[in-house]
Amino acid sequence: MLDKKFGYEMLITKLYQVLLLKISGKKNGYETNRIQDEIKRAVGNITERENCFMNDIKIKEYYKKSEYKRANLNELLESELTDINGGHWDVFDNSKGSESVPFVQEENIKVYGRNPENDVEKSAIVAIDFGTKSTVAIYRDNAETIYPLEIGSNSANENYKEKNFENPTMIEFGDFEKFLRLYKEKEGRPYTEWNDLQVSHHAQNDFVNSNKPEVLNSILSDVKQWASGNRKINIKDRRNEYSIKKFLEGSEDDITPVELYAYYIGLNLNNMCNKKIFLRYILSYPVTYEKAIREKIRLCFEKGIKKSLPVTILNNEKIMKKFSVKNFNSEPFCYAATALEQYNFFNKVKDEEVFYGIFDFGGGTTDFDFGIFRKLEGDDRYSYEMESISSDGNKYLGGENILSTLAYETFMSEENIENLRKSNFQIYLPLNEKTPLKNYDMINETKEVKSNLIKIAEGLRFIWENSDMPDNYNDDLGELSINLLDKFSNQTTVNLIVDIDRLKNRIREMIKNGVDVFFANLSSAIKNKMVNEINIFLAGNSSKSEYVKEIFEAKKLEMLDGNEKFNEKVKIFPPLGTEEAEEKQREMGYVIDRNKFIPNGKTGVAYGSILLRKNGEIKTDISAEEVPFNYIVGRKRKGEFKDILNKEVGYDEWKKYIVANEIENEIYFTDDYSNLLKDSELKNIKTIMIDLDDEYDDDEFIYIRSISPNKIEYCVSNSEKIKKEEYIEEPKVIDLSNE
């Protein structure tokens, strides 16, 4: 059996032996040193025991609660720990390998070791859709059965709820210092505690329901936005304050919030409750993410998931050769595969090519993808082929972002603003909103004002979702009663006047803008192509909104323009998981098996990742190339914005900007591609002031070019020199994401 490293008995025994030696007057230095070394080891193990939440917990109780303490999972049964064919991975990891069946013993109870190598799911695959607002993880076992994963709510015994599998992408910091210390102490399955760092459903519940500033300050609610942006963040747990670097800064050894979120995904997959260990993982990515961010996210997930594995697995080179975390396909491309299967195109397609468009309208962003699906004949490996020919997105258009805008505009409305000012309330400026010309003093960045934005947004959700009015809304008065925090962290009930008709029109305006950009991209994608039919698949939870259906149908009518065949040519498919989708699936001849996992508009991305796995039936051209330029750069002339650089212009291609006869110059840019729509109102245009070293002649110009998704260079040259990469003033780099 194992040495009693976890008990105090061994320590007491060794101390007693030393005392006996001293009392007896023995001078046996070797024996004394040996016993002292054993005491040190025993003390070290007891210290580890205290660090790993075992203090004052008996051995049996520790192993029963191990998964609950680590990841808020269910407690284990004593019978499965004390069964010689059951046992626990941690007992096996802590053994020296000398026992055929390792165990630890307390009194007359043995807890056996369980070899984690026997629990490896050799043929299983896990797909993860790391989302802006929520994350979905599903796995397929060797029987091709697909299971969804729930994180951080400890509701395993509740009835099956689809919503539980959309795991909020949030982290709550309790005792970050202690968590990191324990996290670093052990290579695999460290003795971290859930109470020190919580994620997902639990963090969201605290964020939405708490008005305490100390709780709000401890929650990182925008993990993915931080990773995709270029900003530092500050967090405050129950004890200390921390500053976290920009995502792309620092070394690979830095522990990031993305890695910690991935660690918990790993713990919820690889644990003693499931008695399963997974080795193969697939990530999907947004179409607008540059290569460096995609790769850093992949590395963070690899590190975090590895940390959830038993040490025995990590030390087995043969097994770890099969471990992988890979980035294969974009999120809308993955959903396209799901939609094509679920709407029965796999069976219906014959010799023709199927053209598709994806409008993936999520909580935080909207992604587009356009491509072709075809059946393959005579291919020994693949049955079908998918090709993405164009993709784009809007990183500001999302259902939750729309709600934030409604909350902000209600707060700042003429009907409410003065009363709120008198009562010392402020609000957070939503993403992509400009600081207002008037009432800018009502804007702040504290956790209190973020809480106010969220509270109001939740109160207005019935407008966005077309659901029943909540109890705190008085329809007769048109008022929403809600608890807000003032500048001094005092909570007060406020009655906000709500103009429902105005907010509904604002929703239509924002969605129409995104739909217009989608159709502009669609027109560009099918240009010079023979397309008989266009199949548009709505994806993402926000696509379930009645506003989306209304605006898409209106856009179809607008594009008819006397061409009645267009209505037959364009087919719009509702988001999966809705009643309309099931009706359409039956119409298309697809049989829904309710005994199997059924993907919906959100989980369809992860499901599609599994369909598009490399050893599946669908052939794809997986590109590791950089995404197109994320911005439009140009000039303003006579009230119009003239674009010079955009996603259609290749990288490293110099374009003439303006004559270089002035030292001070302005460069205009935006990441809002709706500015390219015909007759659209210019919005979200920003400027950068650049200073040249000198004033130059009228035949010498400023040239600009894009060099990465978020960066441009400018230089001074002339029409002859620029062709030879010769410069009058050397190129300088501007990172637009910092401006």
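Residues numbered from 1 in each chain as written. Predicted model: local features only at pLDDT ≥ 70, side-chain atom pairs only at ≥ 80, totals over all residues. Heavy atoms only, no water.

Asks: Honestly, the overall build of the protein chain in this entry has me stumped. Any pointers?
Replies: Counting its secondary structure elements, the protein chain contains 24 helices and 32 strands. Burial analysis of the protein chain (739 residues in total) assigns 54% to the buried set. Total accessible area computed for the protein chain in this model is approximately 35400 Å², and 44% of it derives from carbon and sulfur atoms. (Helix = DSSP H or I, 4+ residues; strand = E, 2+ residues; numbered from the N terminus. Buried < 20%, exposed > 50% of the residue type's maximum accessible area, 1.4 Å probe, protein only. Areas by Shrake-Rupley, 256 points an atom, 1.4 Å probe, with all protein chains shown as cover.)

Asks: Explain the side chain of Arg294 here, please?
Replies: One can find Arg294 in helix H11 (residues 291-307). It is Glu626 that comes nearest to the buried, bridge-free Arg294 among opposite-charge side chains, at 4.5 Å. Reaching out from Arg294, the side chain makes a polar contact with the backbone oxygen of Tyr289 at a distance of 3.1 Å. (Lys, Arg positive; Asp, Glu negative; His and termini not counted. Salt bridge = Lys/Arg side-chain N within 4 Å of Asp/Glu carboxyl O. Polar contact = N/O pair within 3.5 Å; in protein donor to acceptor, adjacent residues only side chain to side chain.)

Asks: In this structure, what is going on with the packing of aromatic side chains? I would like to understand it.
Replies: Where two aromatic rings form a pair, the distance of their centres and the angle of their planes describe that pair. Under the criterion given, the structure shown has 41 aromatic pairs. Each ring, one from Phe345 and one from Phe573, has its centre 5.9 Å from the other, and the planes form 65 degrees; the classification is edge-to-face. Of the two residues, Phe345 is situated in helix H15 (residues 345-348) and Phe573 in strand E23 (residues 570-573); the sequence distance between them amounts to 228 residues. In this structure Phe345 comes out as buried when scored by relative accessible area, which is 6%. Taking relative accessible area as the criterion, Phe573 reaches 1% and is therefore assigned buried. Taken together, Phe359, Phe361, Phe368, Phe370, Trp464, Phe518, Phe519, Tyr547 and Phe552 form an aromatic cluster joined through their ring pairs. If you follow Lys307 out to its NZ or CZ, it ends over the ring of Tyr183, 4.9 Å from the centre. It is Lys584 that lies over the ring of Phe573; its NZ or CZ is 5.4 Å from the centre. (Phe/Tyr/Trp six-rings, centres within 6.5 Å; stacked < 30°, edge-to-face > 60°. Lys NZ or Arg CZ within 6 Å of the ring centre and 35° of its normal.)

Asks: Would you explain the packing of helix H16 (residues 399-411) against helix H20 (residues 500-526) in this entry?
Replies: For any two helices packed against each other, the geometry comes down to the angle between their axes and how far apart the axes lie. One can describe the packing of H16 onto H20 by two numbers: an axis separation of 10 Å at closest approach and a directional angle of 140 degrees. Comparing the axis directions of H16 and H20 gives the class oblique. The chirality of how H16 crosses H20 is right-handed. Two secondary-structure elements touch here, H16 through Ile402, Thr405, Leu406, Glu409 and Thr410 and H20 through Leu503, Arg506, Ile507, Met510 and Ile511. In terms of residue class, the contact of H16 with H20 is made up of 6 nonpolar, 2 polar and 2 charged. (Axes fitted to C-alpha atoms, helices over the stretch in contact; angles between N-to-C directions. Parallel < 35°, antiparallel > 145°, perpendicular 65-115°, else oblique. Left-handed = near helix turned anticlockwise from the far one by under 90°. Contact = heavy atoms within 4.5 Å. Nonpolar A, V, L, I, M, F, W, Y, C, P; charged D, E, K, R; others polar.)

Asks: Please clarify how the confidence of the model for the protein chain should be interpreted in this entry.
Replies: Interpretation of the predicted coordinates at a detailed level should be avoided for regions scoring low in pLDDT. Summing up the model confidence of the protein chain, the mean pLDDT is 88 and the portion of residues at 70 or higher is 88%. In the predicted structure, residues 1-10 sits below a pLDDT of 50 and forms 28 contacts with residues beyond four places in sequence or in another chain. Per-residue pLDDT stays below 50 along residues 45-56; that stretch engages in 30 contacts with residues further than four places along the chain or on separate chains. (pLDDT = per-residue confidence, 0-100.)

Asks: Could you clarify how one ought to interpret helix H7 (residues 200-209) in this entry?
Replies: Along an α-helix, residues three or four positions apart point the same way, because every turn accommodates 3.6 residues. Buried within H7 we find Ser200, His201, Ala203 and Phe207. The arc that holds every buried residue of H7, seen down its axis, measures 160 degrees, which confines them to one face. (Arc of directions from axis to C-beta.)

Asks: Explain the pattern of salt bridges here, please?
Replies: In a structure, side chains of opposite charge can pair up when their charged atoms sit close to one another. Tallied over the full model, the rule gives 47 salt bridges. Across the pair Glu259 and Lys303 runs a salt bridge whose closest N-O atoms are separated by 3.0 Å. Placement of Glu259 in helix H10 (residues 257-269) and of Lys303 in helix H11 is noted, with a sequence separation of 44 residues between them. The exposure class assigned to Glu259 is buried, which follows from its relative accessible area of 3%. Notably, a salt bridge pairs Arg421 with Asp441, separated by 2.9 Å at the nearest N-O pair. One end of the pair, Arg421, is in helix H17 (residues 417-422); the other, Asp441, is in the loop between strand E17 (427-428) and strand E18 (443-444), and 20 residues separate them in sequence. Among the charged side chains, a salt-bridge network with shared partners connects Glu67, Arg70, Asp90 and Arg189.

Asks: Explanation requested: the sheet that holds strand E26 (residues 640-645) in the structure shown.
Replies: The 4 strands are arranged E26-E25-E28-E29 in an open sheet whose pairing can be described as antiparallel. Unpaired on one side and paired on the other, E26 and strand E29 (686-691) mark the two borders of the sheet. Each strand axis lies, on average, 40 degrees off the axis of its neighbour in the sheet, ignoring direction. Where strand E25 (residues 632-637) lies against E26, 5 bridges are found, and the strand directions are antiparallel. The residue of E26 that forms the bridge with Arg637 is Glu640. (Pairing = 2+ DSSP bridges.)

Asks: Honestly, unusual backbone geometry in this entry has me stumped. Any pointers?
Replies: Trans peptide bonds make up the majority, and among non-glycine residues the majority have a negative phi. Its identity is not glycine, yet Glu144 carries a phi of approximately 65 degrees, on the positive side. Structurally, Glu144 can be placed in the loop between strand E4 (134-140) and strand E5 (146-148). Among the residues examined, Glu144 registers a relative accessible area of 57% and is labelled exposed. The backbone of Asn344 sits at a positive phi, close to 70 degrees, despite the residue not being glycine. Relative to the elements of secondary structure, Asn344 occurs in the loop between helix H14 (331-342) and H15. On the basis of relative accessibility, which here comes to 8%, the residue Asn344 falls in the buried class.

Asks: Explanation requested: a negative patch on the surface in the structure shown.
Replies: A contiguous patch of negative charge, built from Glu662, Glu664, Glu666, Asp691, Asp693, Asp694 and Glu695, is present on the exposed surface. Take Glu695: it is sitting in the loop between E29 and strand E30 (701-708). Residue Glu695 is classed as partly exposed on the basis of its relative accessible area of 47%. (Patch = residues over 30% accessible without salt bridge, like charges linked within 9 Å, V, L, I, M, F, W, Y side chains within 5 Å. Charge placed at Lys NZ, Arg CZ, Asp CG, Glu CD.)

Asks: Would you mind showing me how to read empty space enclosed by the protein here?
Replies: Empty space left among the atoms is revealed by rolling a probe the size of a water molecule over them. Inspection of every chain in the model, using the stated rule, returns 1 cavity of 30 Å³ or more. Estimated volume of the largest cavity: approximately 70 Å³. Taken together, Phe130, Lys224, Leu283, Ser284, Tyr285, Pro286, Tyr289, Ile293, Arg294, Ile297, Asn327 and Glu331 form the lining of the largest cavity. At the level of elements, strand E12 (280-285) and H11 are the ones that each hand at least two residues to the lining of the largest cavity. (1 Å grid on protein atoms, 1.4 Å probe; cavity = no way out; pocket = protein on both sides within 12 Å on 5 of 7 lines; lining within 4 Å. Points joined across faces, edges and corners; volume = space filled by probe spheres on them.)

Asks: Is there a simple way to think about the sheet that holds strand E27 (residues 655-659) in this case?
Replies: Within a sheet, adjacent strands bond to each other through the backbone by hydrogen bonds, running parallel or antiparallel. A sheet is described by the order of its strands in space; here 4 strands give the open sequence E27-E30-E31-E32, paired in antiparallel fashion. Two strands close off the open sheet at either side, each with one partner strand: E27 and strand E32 (729-735). Here the strands of the sheet are splayed against their neighbours by 30 degrees on average, with no regard to which way each runs. Pairing geometry for strand E31 (residues 711-717) and E32, over 5 bridges, is antiparallel. Following the sheet pairing, Lys711 is matched in E32 by Asp735.

Asks: Just checking my understanding: could you explain H16 for this structure?
Replies: Under the 1.5 Å per step criterion, the end-to-end length of H16 is 19 Å for 13 residues, consistent within 8% with the ideal 18 Å. Burial analysis of H16 places 11 of its 13 residues in the buried class, which makes it a mostly covered element. All of the buried residues along H16 are Gly399, Asn401, Ile402, Leu403, Ser404, Thr405, Leu406, Ala407, Tyr408, Thr410 and Phe411. (Expected span 1.5 Å × (residues − 1).)

Asks: What should I look at first to understand the nonpolar core in this one?
Replies: The tendency in soluble globular proteins is for nonpolar side chains to be buried as a group. Of all hydrophobic cores here, the largest spans 83 residues; its most connected members are Ile511, Ile536 and Phe552. Take this core: its biggest share by element is 12 residues, from H20. Within the second largest apolar cluster, 67 residues are counted, among which are Trp89, Val111, Tyr281 and Ile293. (Core = buried A, V, L, I, M, F, W, Y, C linked by side-chain atoms within 4.5 Å.)

Asks: It is not clear to me how the pairing of strand E1 (residues 103-106) should be interpreted in this structure. Could you clarify?
Replies: The side chains of a regular strand alternate, first on one face of the sheet and then on the other. Summarising the sheet, E1 and strand E2 (residues 109-112) pair through 4 bridges and their orientation is antiparallel. Counted as the bridge partner of Val104 is Val111 from E2. Hairpin connection between E1 and E2: a loop of 2 residues separates the two successive antiparallel strands, and Glu107 in this loop has a positive phi of roughly 55 degrees.

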